[in-house]
Amino acid sequence: MLKFEHVSKRYEGGGDALLDVSFHLQPGEMAFLTGHSGAGKSTVLKLAAAIEQSSHGQIKLEGQSINKLADSKIPYIRRKMGLIFQDYKLLQDRTVFDNVALPMVVAGYSYQDIAKRVRAALDKVALSGKEQKYPHALSGGEQQRVGIARAVVNKPALILADEPTGNLDPELSTEIMRLFTQFTQLGVTILVATHDIDLINRMEQRVIKLHRGRLVKG
Amino acid sequence: MLKDNIPQHKKTGAHGVMVQPDFKSKFHAYLDTHAHALFSSLGRLTRTPAAFMMTILVLAISMALSSSFYLMVKNFQQLTGNIEATNQISVFLKPTVTPAKALTLQEQIKLDALVESVQLITAEQALAEFKANSGYAEAVNALEQNPLPAVLLVLPKNSLEDEEGLKTLLGRFEKMPDVELAKSELQWINRLRAIIAVAKRLVLLFNLLFSFAVLLIIGNTIRLELQSRREEVLITQLVGATHAFIRRPFLYTGFWLGFLASVTAWFIVTVVLLFLRSPIQQLSEQYSGQFNLAFLDYTETLTLIGVTSLLGVLGAWWVLGSHLQALKPD
């Protein structure tokens, strides 16, 4: 599903962010990406989301190489994944409904399909009834769940989450993780970057650990 | 708190990947996004009414100036278009020439091989005509003596295009001792035509310059808009938007700016002309002229609106081309 083959990333003027990292996530697999800050967690996510390109090595999504992609191909790769950000990255001047609908609008779905899917996604994250609210009227946890709804609305094959529970209390974190586990049962691959050790221990899932850009456990 | 059942996902098979929309629903959705971009871009513009109005007015004034120059030349041309092109030569005689001598001169010029006909207008006739047509009859009556000379109107045999023949004749007349001045109307008509040609060039130049200004103003407005919506553009890219999708609302913003500015420009030009119409008509009556002030006609109005709207889209396209490439999530 998602495959890193001897991937290195060197930033201009900086050191090696990643050195010879290899791992392979199967369809329906969930893994935690962990390590101290600066270990290379964000770099892995950015490479997997085609936000950055690797210096060496291959990154493959469903067998398709995504590390040397033409700009015009990137949008279509992104439609296969759902991205969840620590800072939510919601559009503040759009309603919850419009925020969640965005991936489907850009992919060219009809309004009927969109409305149906958005309600289902909001229902999943227990935000039904808040469709017409604006993000600033919601709590941090609620905004994070809007972000999660947006990431799953398109039924992506891969979900990449960067500290998705960073702003949630432990109880809500566990619920979000249970939701993720349900997605994996439907074949969705999930990679969660986090340094919440308690959460990792509770979940008993695969852990990919980075230390100074190298894979130390995977 | 979170729902356990996820029924929607189960319909889609093992990978949970959604079925791609078919062509028909994609086409409808495509039209929807266009309609949405069209109206949301207008809505967005009106959310900052002061800035919006100022931009529209700056653009409208530019286009109104450019259209006014065009109309000025068009009206001037209409005025001169009524003048019949003739190669008639006016030979002004010296004040000392007696009427009898003038008649002799008329007969003498008639004999010239290059001359078709000669008509004599005596000083008295000229004065009477001037009194009747100029509107300065009172002033003329106050004069003690007739200031006008006798004139011989010579119609040459040569064609309108034969400027050399005309010059030969002019030279011949000017050498005559009793002739004060010989002037061809064709000469000043040609001069007028040359002036109009220059004015037309100037109009073209002004139009190009003002169009370029409109392009720059709209480009700059779109650039600011892009900056203020930077976050939105980045997020939209992250959820899989193509460049075309991101560009669309900005192109429509450019269109609206151009379109609304051109409609405003049309109003400005029309109001200015209505304001000028009555004094111009009074002026034209003084010259007993049948002059109808020309406004922007149907085709010209459509051209103004079409060209300015297009400039809006082009201005936006131009800025997006250079700035969108640089805008990528990090």
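Residues numbered from 1 in each chain as written. Chains lettered and ligands numbered in written order. Predicted model: local features only at pLDDT ≥ 70, side-chain atom pairs only at ≥ 80, totals over all residues.

Draft legend 1. Region of interest: the overall build of chain A. On a plain count of helices and strands, chain A comes out with 7 helices and 10 strands. Over its C-alpha trace chain A gives a radius of gyration of 17 Å, about what one expects of a compact globule, namely 17 Å for 218 residues. Reported as C-alpha extents along the three principal axes, the dimensions of chain A are approximately 45 × 40 × 35 Å. Of the contacts made within chain A by residues no fewer than 6 positions apart, 70% connect residues no fewer than 24 positions apart. (Helix = DSSP H or I, 4+ residues; strand = E, 2+ residues; numbered from the N terminus. Rg over C-alpha atoms; globule rule 2.2 N^0.38 Å. Contact = placed C-beta atoms within 7 Å.)

Draft legend 2. Region of the structure containing the overall build of chain B. For chain B, the count of helices and strands is 11 helices and 4 strands. The proportion of buried residues among the 330 residues of chain B is 24%. Residue pairs in contact within chain B that sit at least 24 positions apart in sequence constitute 83% of those at least 6 positions apart. (Buried ≥ 20, exposed ≤ 12 C-beta atoms within 10 Å, placed from the backbone.)

Draft legend 3. Structural view of the sheet that holds strand S1 (residues 89–93) of chain B. Residue and element names in this part refer to chain B. Here 4 strands make up an open sheet; going across it, the order is S2-S3-S1-S4 and the pairing antiparallel. Two strands in the sheet have a free side with no partner beyond their single neighbour: strand S2 (115–121) and strand S4 (179–184). Ignoring which end each strand starts from, the neighbouring axes of this sheet average 20 degrees apart. Summarising the sheet, S1 and S4 pair through 5 bridges and their orientation is antiparallel. The partner of Phe92 across the bridge, within S4, is Leu181. Across the sheet, helix H7 (residues 163–174) touches S1, strand S3 (151–156) and S4, and the angle it forms with S4 is around 170 degrees. (Pairing = 2+ DSSP bridges. Axes fitted to C-alpha atoms, helices over the stretch in contact; angles between N-to-C directions.)

Draft legend 4. Structural detail: the environment of Lys175(B). The topology assignment puts Lys175(B) in the loop between H7 and S4. Counting along the chain gives 129 residues from Lys175(B) to Thr46(B), while the straight-line C-alpha distance between them is 74 Å.

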